[in-house]
Amino acid sequence: EPCNGHGRCAEDLYKGIQSSDSGVRCDSLKLLADVSTDITFAQEFISRDGHSLLVKIVEDAHESVFSLAFMELMDHGIVSWENLSSVFIKKIASFVNAKVLDTSIQQVSLAILESMVLSSSSLFNEVKQEITLERLISHLQVTNQQLQTKAMALLMAMLLAGGEADRQNIIHSSSSVGDEMAHYLYVLQTVRLNHLEARMRTPLDSYNQEQRDMLHGLRQAAFEMESESGLSNERRRSLCAKEFKKLGFSNNSNPGLDLSRCPPGLLALDTMAYFASRYPDAYSRVTSFQQHKHTISLLNFFSLLLSFLFIHLSSSASETGSDYHPIFFAQDRLLEELFCICIQLLNKTWKEMRATQEDFDKVMQVVREQITRTLSSKPTSLELFKNKVNALNYSEILKLRQTERLHQEETLSPPVLELKERLKPELLELIRQQRLNRLCHGTLFRKISSRRRQDKLWYCRLSPNHKVLHYGDVEEQTETPSIEALQEKIPVADIKNVVTGKDCPHMKENKGKQTKVLDLAFSITYDVEEYSLNFIASSRTDFCLWTDGLSVLLGKEMSSESMHSELEILLSMEIKLRLLDLENVPIPDTAPPIPKPPSNFNFCYDFSQAEQ
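None of the values given here were measured: they were computed from a predicted structure.

A. Highlighting the overall build of the chain. Tallying secondary structure elements over the chain gives 27 helices and seven strands in all. Out of the 612 residues belonging to the chain, those deemed buried represent 42%. Long-range pairs, those at least 24 residues apart, make up 63% of the contacts in the chain between residues at least 6 apart in sequence. About 34,100 Å² of surface is accessible on the chain, with carbon and sulfur atoms providing 50% of the total.

In structure tokens form, the structure reads like this:
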């Protein structure tokens, strides 16, 4: 029944919660959740140590309905969150991690953990040990919008409360990031990026003193300021206009007009002010370089960089949402820090390219490529991004472009693919001839004996007319024997087949004893299947040469890995030689159309008349 009087109600509910009757205890907890929103009641209940009773109920794992009332009591700020025990935190986390539980209990449990995380770093450290990113992502995948909201709130709280290392540990707490998880990380990335849009769409207000002070702070940070107290108003305005012009402002008499364009709006001012205050030495070097070299202004470069970053990072979404950037979760002021690194990168690349003002578009193209390539490697920290993007200097970009151009020409261009197909027969014939020449020269083979004694040697070679295989035993130090010295022979016409590996007769006979040489064994069968000449090559190279050569003699296709490797090398070399005259000439994907025949052929010259 409803309570009459806060003190009496608090006392009655306290006793009801302690009741041994589970029905009374459950009803008391539900009623407590309703009346705990009243601060006077909350003070009375807490003064009777009621919150400790709720904590004990949780720790003893009696009822989970407690949390509805507990959150209401804690929201009044009467009791500190830091007074809660580790046992309590683990129990609340277990409600969140449970796969089957009342969603209302999980919602409040998520809210409790969020409040803990935001209240102190020590509680944050305990919560992050109990809650994994995978579990929070699973709550984001449900249809219950309130549960999704609470899970997202806890995730954002953990990212905000943690340092750089903590944020990376939270994001990479799992061994691998699945598609669903990557999608939500991409959503978080997009949300963080979109938070900047309000400033980007807001123009500078010339009547706002704070914004005007920030603008003049950029000028003061870039130039050694002399006392302006003795200058007339006209002289002071002239000096300011001159200095703003050096910084690249087009409206140097009223630089605020440059920031009236949206984008970049106030976001440009915020970022440049951040650069000037956070890295004053670097800001001074950059502005000094641009004054002397007359390169692009900080403001214009920021506009280009901002649009590039927004396009690049926003277009990284895919159907599975797997293209998120871990660096987003490792830095609070990511855009500002990226700008500070990239504006210095611009000056560095400008020097490396020895550029002039007319080369600005080329320099920006290289800088974009440096940033894109570095972000595509998914750096997990700002320091890693900085190291990678600075290591990717102009000469490295040129090397990468050259490699990719050659690769594209050799693999993707239809005309080059067609040329490859035309060259293959000629190059395959070259490899066939090399294999036959190698067989004509011959090879020394070793007889594998079943007894533990010195193995005998024998030599095999093909006759110059490619019609007979000659073979015979030789001594250890024998040089290449002549054909006449080899007593045995097999006509090539009698060869029926070539078998390799475990299909060889001598491998079948010694099954289990010759596993080490299985990949080097091959046999020739002739006349009838019972007769064979058995080989064991001394190396994989000899094996490939002989099996390919014997295949050529039998009119079969060569199939060894050595043949495929050599064919690719020869094709690559031949293609490069054929394309030397076409350097920097774009190759069309399709052949140009054949023109129509001329209306007459009277332009032909008659040599017979000239001789007369």
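Let us keep going from here.
B. Spatial organisation of the environment of Leu257. Position of Leu257 relative to the elements: it lies in the loop between α15 (233-246) and α16 (266-278). Among the residues examined, Leu257 registers a relative accessible area of 42% and is labelled partly exposed. Separated by 52 residues in the primary sequence, Leu257 and Asp205 have C-alpha atoms spaced 9.2 Å apart.

C. The nonpolar core, seen in detail. In this structure, Phe45, Leu54, Phe70, Trp81, Met116, Ile371 and Phe385 are the most contacted members of the largest nonpolar core, which totals 111 residues. Once residues lying within four places of it in the same chain are set aside, the contact partners of Phe385 are Ile327, Leu338, Ile341, Cys342, Ile371, Thr374, Leu375 and Pro379. By size, the runner-up hydrophobic cluster in this structure holds 43 residues, among which are Cys460, Tyr471, Val499 and Met563.

D. Molecular detail of the confidence of the model for the chain. Overall, the prediction assigns the chain a mean pLDDT of 78, with 80% of residues at 70 or greater. Ranking the elements of the chain by mean pLDDT puts helix α11 (residues 164-171) last with 59 and helix α25 (residues 540-553) first with 94. Segment residues 317-321 is flagged for pLDDT under 50; beyond a separation of four residues in sequence, or across chains, it makes eight contacts in the model.

E. Seen up close, the packing of aromatic side chains. A full pass over the atoms with the stated rule returns twelve aromatic pairs. Arranged with centres 5.6 Å apart and planes meeting at 85 degrees, the rings of Phe275 and Tyr283 form a pair that is edge-to-face. The exposure class assigned to Tyr283 is buried, which follows from its relative accessible area of 1%. A centroid spacing of 5.9 Å and a plane angle of 75 degrees characterise the contact between Phe522 and Phe543, whose relative ring orientation is edge-to-face.

F. Seen up close, helix α7 (residues 103-119). If you check α7, its first and last C-alpha atoms are 24 Å apart, about what 17 residues at 1.5 Å a residue would give, namely 24 Å. Buried residues dominate α7, accounting for twelve of its 17 residues. The complete set of buried residues in α7 reads Ile105, Gln106, Gln107, Val108, Ser109, Leu110, Ala111, Ile112, Leu113, Ser115, Met116 and Val117.

G. Representation of the packing of α7 against helix α8 (residues 121-130) in the model. Where α7 contacts α8, the two axes come as close as 6 Å, and the packing angle between them is 135 degrees. Judged on the interaxial angle alone, α8 and α7 are oblique. Together, Leu113, Met116, Val117 and Ser119 of α7 and Leu123, Phe124 and Val127 of α8 make up the contact between the two elements. Of the residues contributing to the contact of α7 with α8, the split by class is six nonpolar, one polar and no charged.

H. Structural context of helix α9 (residues 133-140). The element α9 is largely enclosed, with a buried count of six among its eight residues. The complete set of buried residues in α9 reads Leu133, Arg135, Leu136, Ile137, His139 and Leu140.

I. Representation of unusual backbone geometry. The phi angle at Arg354 is positive, at roughly 50 degrees, despite the residue not being glycine. Structurally, the position occupied by Arg354 is in the loop between α19 (334-353) and α20 (360-376). Relative accessible area serves as the criterion here: at 76%, Arg354 is assigned to the exposed category. Non-glycine residue Lys378 carries a positive phi angle of around 55 degrees. Position of Lys378 relative to the elements: it lies in the loop between α20 and α21 (382-391).

J. Representation of the pattern of salt bridges in the model. Going through the model one piece at a time under the given rule, you end up with 17 salt bridges. Here Glu369 ties to Arg373 by a salt bridge, and the two come within 2.9 Å at their closest N and O atoms. Here Glu369 and its partner Arg373 are both found in helix α20, four residues apart, which amounts to about one turn of the helix. Judged by its relative accessible area of 16%, Glu369 is buried. Notably, a salt bridge pairs Arg438 with Asp542, separated by 3.8 Å at the nearest N-O pair. Taken together, the residues Arg438 in helix α23 (residues 414-441) and Asp542 in helix α25 connect sequence positions 104 residues apart. On the basis of relative accessible area, Asp542 is assigned to the buried category, the value being 12%. Where salt bridges share partners, they join Glu369, Arg373 and Arg401 into one cluster.

K. The sheet that holds strand β1 (residues 443-446), seen in detail. Read from one edge of the open sheet, four strands run β1-β2-β3-β4, paired in antiparallel fashion. Strands at the two margins of the open sheet, each flanked by one partner only, are β1 and β4 (488-491). Each adjacent strand pair in this sheet contributes to an overall mean axis angle of 25 degrees, direction not counted. Where strand β3 (residues 468-474) and β4 come together, four bridges link them in antiparallel fashion.

L. Main features of the packing of α23 against α25. Running from N to C, α23 and α25 cross one another at 105 degrees; their axes reach a closest spacing of 8 Å. On the basis of their axis angle, the class for α23 and α25 is roughly perpendicular. Mapping the contact onto sequence places Arg432, Gln434, Arg435, Leu436, Arg438 and Leu439 in α23 and Asp542, Cys544, Leu545, Trp546, Asp548, Gly549, Leu550, Val552 and Leu553 in α25. The residue inventory of the contact of α23 with α25, partitioned by class, reads eight nonpolar, two polar and five charged.

M. Quick look at the side chain of Gln211. In this fold, Gln211 is placed in helix α14 (residues 209-222). When its relative accessible area of 11% is taken as the criterion, Gln211 is described as buried. With residues up to four places along the chain from it excluded, the contact list for Gln211 reads Pro203, Leu204, Asp205, Leu266 and Leu269.

N. Representation of the sheet that holds strand β7 (residues 531-536). Pairing is antiparallel across the open sheet formed by three strands, whose spatial order is β5-β6-β7. Of all the strands in the sheet, the pair left with one neighbour each is β5 (495-500) and β7. With strand direction ignored, the average angle separating the axes of adjacent strands in the sheet is 20 degrees. In terms of strand pairing, strand β6 (residues 521-526) meets β7 through five bridges, oriented antiparallel.

The rules we used
- Residues numbered from 1 in each chain as written.
- Predicted model: local features only at pLDDT ≥ 70, side-chain atom pairs only at ≥ 80, totals over all residues.
- Heavy atoms only, no water.
- Helix = DSSP H or I, 4+ residues; strand = E, 2+ residues; numbered from the N terminus.
- Buried < 20%, exposed > 50% of the residue type's maximum accessible area, 1.4 Å probe, protein only.
- Contact = heavy atoms within 4.5 Å.
- Areas by Shrake-Rupley, 256 points an atom, 1.4 Å probe, with all protein chains shown as cover.
- Core = buried A, V, L, I, M, F, W, Y, C linked by side-chain atoms within 4.5 Å.
- pLDDT = per-residue confidence, 0-100.
- Phe/Tyr/Trp six-rings, centres within 6.5 Å; stacked < 30°, edge-to-face > 60°.
- Expected span 1.5 Å × (residues − 1).
- Axes fitted to C-alpha atoms, helices over the stretch in contact; angles between N-to-C directions.
- Parallel < 35°, antiparallel > 145°, perpendicular 65-115°, else oblique.
- Nonpolar A, V, L, I, M, F, W, Y, C, P; charged D, E, K, R; others polar.
- Salt bridge = Lys/Arg side-chain N within 4 Å of Asp/Glu carboxyl O.
- Pairing = 2+ DSSP bridges.

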